[in-house]
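Geometric and topological summary
Below, each chain spelled out in residue letters.
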Amino acid sequence: MKIRRVHYLTCMQFINAIAWGIIAYYGGVALSIMCFLMIWVGLMGGTVYANVVYMIIEDEKIAQGEKEVSMNLLNIANFMGIILGALISMILVNTIY
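Below you will find a few notes about this structure.

Remarks on the packing of aromatic side chains
- What the rule picks out here adds up to one aromatic pair.
- The interplanar angle of 85° and the centroid separation of 5.0 Å between the aromatic rings of Y25 and Y26 together place this pair among those described as edge-to-face.
- Overall, the relative accessible area of 57% leaves Y25 in the exposed class.
- Using a relative accessible area of 66% as the deciding quantity, one classes Y26 as exposed.

Laid out in structure tokens, this is it:
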């Protein structure tokens, strides 16, 4: 499924992050709802990532060298997001939560 306007999905991921914060603050939800939300977050993230990779690879206006740089920057941003998410969660668990 090709989605050109990935910023809508990114906004939905931001709403997901707020929802997860509320869930964590109030102590959780039922296991079935938690499983659904975890699958939903994974599908949203995978959809955005796959569509951005597809747009970079298939864009004829971008030169091959620029595509390689774009893919590297995408991967760096992806890993930085994972690292920052892990660090923030560790900080929150040891302070607020």
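Quick look at the nonpolar core
- Counting eight residues, the largest nonpolar core consists of V6, L9, M44, V48, V52, V53, I56 and L74.
- Broken down by secondary-structure element, the contributors of at least two residues to this core are α1 (6-26) and α2 (31-58).
- For this core, the leading source of residues is α2, giving five residues.
- Apart from residues lying up to four places away in sequence, M44 is in contact with L9, M12, Q13 and N16.

Calculation criteria
Residues numbered from 1 in each chain as written. Predicted model: local features only at pLDDT ≥ 70, side-chain atom pairs only at ≥ 80, totals over all residues. Heavy atoms only, no water. Phe/Tyr/Trp six-rings, centres within 6.5 Å; stacked < 30°, edge-to-face > 60°. Buried < 20%, exposed > 50% of the residue type's maximum accessible area, 1.4 Å probe, protein only. Core = buried A, V, L, I, M, F, W, Y, C linked by side-chain atoms within 4.5 Å. Helix = DSSP H or I, 4+ residues; strand = E, 2+ residues; numbered from the N terminus. Contact = heavy atoms within 4.5 Å.

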